[in-house]
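For reference, the chains in residue letters:
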Amino acid sequence: MKILVINCGSSSLKYQLIDTDGEQVMAKGLVERIGIEGSLITHQTDGQKIQKETDIPDHKVGIKLVVDALLSPEHGALTSLDEIKAVGHRVVHGGEKFANSVIINDEVMATLHECAGLAPLHNPANIIGIEACQSLLPDVPQVAVFDTAFHQTMPPKAYIYGLPYEYYEKYGVRRYGFHGTSHKYVSLRAAKMLKKPLNELKVVTCHLGNGSSITAVKGGQSMDTSLGLGTISGTIMGTRSGDVDPAVIPYLMEQADLSASEINDILYKKSGLLGISGVSSDARDVEAAANEGNKRAKLALDILCYLTRKYIGAYAAAMGGLDAVVFTAGIGENSTTIRAQICQGLEFLGAKMDAEKNNTRGKEVDVATTDSTVRILVIPTNEELMIAQDTAELVARG
Ligand code: ADP
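Residues numbered from 1 in each chain as written. Predicted model: local features only at pLDDT ≥ 70, side-chain atom pairs only at ≥ 80, totals over all residues. Heavy atoms only, no water.

Caption draft 1: Structural detail: the site of the ligand. Around the ligand lies a shell of 13 residues, among which Asn210, Asp282, Ala283, Arg284 and Gly330 are the nearest. Contacts to the ligand include Asn210, whose backbone N or O atom sits 3.1 Å from an oxygen atom. Gly330 is positioned with one of its backbone polar atoms (N or O) 2.9 Å from an oxygen atom of the ligand. Burial of the ligand by the protein amounts to 70% of the accessible area it has alone, namely 580 Å². Broken down by secondary-structure element, the contributors of at least two residues to the shell around the ligand are helix 10 (283–291) and helix 12 (329–334). (Near = heavy atom within 4 Å. Polar contact = N/O pair within 3.5 Å; in protein donor to acceptor, adjacent residues only side chain to side chain. Areas by Shrake-Rupley, 256 points an atom, 1.4 Å probe, with all protein chains shown as cover. Helix = DSSP H or I, 4+ residues; strand = E, 2+ residues; numbered from the N terminus.)

Caption draft 2: Representation of the pattern of salt bridges within the structure. Tallied over the full model, the rule gives 17 salt bridges. With its nearest N and O atoms 3.7 Å apart, the salt bridge here joins Arg175 to Asp224. A residue pair is termed long-range when its members are at least 10 positions apart, and Arg175 in the loop between helix 5 (165–171) and helix 6 (180–194) and Asp224 in strand 11 (residues 221–225) qualify at 49 residues. Residues Arg175 and Asp224 agree in their burial class; the two are buried. The shortest N-O distance in the salt bridge between Asp282 and Arg284 comes to 3.1 Å. Among the residues examined, Asp282 registers a relative accessible area of 25% and is labelled partly exposed. When salt bridges with common partners are traced through the structure, they connect Asp265, Lys269 and Lys270 into a single cluster. (Salt bridge = Lys/Arg side-chain N within 4 Å of Asp/Glu carboxyl O. Buried < 20%, exposed > 50% of the residue type's maximum accessible area, 1.4 Å probe, protein only.)

Caption draft 3: Up close: the sheet that holds strand 4 (residues 40–45). The sheet built from 8 strands is open, its strands ordered 5-4-3-2-1-6-8-7 with mixed pairing. Whereas interior strands pair on both sides, the edge strands pair on one side only; in this sheet they are strand 5 (48–53) and strand 7 (102–103). Packing against the sheet, helix 3 (residues 123–136) makes contact with strand 1 (2–8), strand 6 (86–91) and strand 8 (142–146), and its axis sits at approximately 170° to strand 6. (Pairing = 2+ DSSP bridges. Contact = heavy atoms within 4.5 Å. Axes fitted to C-alpha atoms, helices over the stretch in contact; angles between N-to-C directions.)

Caption draft 4: Looking closely at unusual backbone geometry. With a phi angle near 55°, His179 is a residue other than glycine that sits in the positive phi range. Among the secondary structure elements, His179 is positioned in the loop between helix 5 and helix 6.

Caption draft 5: How the structure looks around the packing of aromatic side chains. The full count for this structure, using the stated rule, is 5 aromatic pairs. A centroid spacing of 4.4 Å and a plane angle of 10° characterise the contact between Phe98 and Phe146, whose relative ring orientation is stacked. Taken together, the residues Phe98 in the loop between strand 6 and strand 7 and Phe146 in strand 8 connect sequence positions 48 residues apart. What makes Phe98 buried here is its relative accessible area of 7%. With 6.1 Å between their ring centres and 15° between their planes, Tyr167 and Tyr171 make a pair best called stacked. Of this pair, Tyr167 and Tyr171 both sit in helix 5, separated by 4 residues, roughly a single helical turn. Across the ring face of Tyr159, the terminal group of Arg174 is positioned such that the distance to the ring centre comes to 3.6 Å. Above the plane of the ring of Tyr176 lies Arg174, whose end atom (NZ or CZ) is 4.9 Å from the centre. (Phe/Tyr/Trp six-rings, centres within 6.5 Å; stacked < 30°, edge-to-face > 60°. Lys NZ or Arg CZ within 6 Å of the ring centre and 35° of its normal.)

In structure tokens, the structure reads:
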């Protein structure tokens, strides 16, 4: 089934046309700088890549360009729009309302608007993308696939914070978790690689990219995850702080005379690898600086690896065992040194890494030694394919 997958940000829009039958990407691309000067579309199909700078004042114009590119006789992938059976949208926050992907109707749209307050940077853009597709492809079913949905299986003991309970009831303050589509995809792939039913496995999935989260997946269900109400907690990220003692926040606000939005900016944009190293938010730059002897760059990487290892240990304890650790996303798929450093010291759990096998990038590989009782898997994530598969399944069910 041919599914158009849309991931809409506030000024950009990524898309893929996927044929779920052969798991084949027929075309993909990126619309950038929507509503800003210098807007452009980059479209790729069959080894061809075309780039066109043109005026893109809003998302509707952006999606019209995507549709035109897909239908183009020179570099398109479709002869008629009727071939698109559904559009799958990545939606960041589904609150507590959505534990699964859903076909979008008026009621779903109303709920998405209600959830917008929980993800003010992301959900409004996702809604705009859905509305633009609805008006350009009115007869095609639209499906929402949520970053939070996979984590709705967490038990209350994992998602309730130690705050007065009324804040959960009144304001929805709780752990939601993110990157759910990625954690779900890699745990399904892990079961395939291990040739075992997912419902019998205890897996810790480490999604380590610009944004990172670690999840305890027991029997195929998320039972705890390191991100929370927002996308700051857990291990340190490119520019986000990871776990900090909440006491730091009012203290710093008073000491440095910072407003709530200024401290928010520091936690989201000036912390993590960038904040500690002072070099860059990009793990490759930080690794290069550390190799040249930059102490703060080395410290930033040490903290990333240490916190990730602590989460793996904590989640093994939470699940009462561990069958596999999965590494995915930009850092997890590519950085042999960070993976090795995270796994140093996990031998007591039965997880032993084979240094030679670990010398791999961007492919599905089991990098544990043959006698390791816990498997260590590198699995490239594929959120777009997961979104397309969820969408196709829902539409086929009708
Ligand atoms: P996003 O969260 O934006 O999707 P990605 O999953 O693409 O991010 O991850 C981006 C991160 O992956 C960056 O920190 C980048 O440095 C890191 N990364 C990509 N390739 C490598 C590599 N070969 N070695 C180390 N880090 C890498």
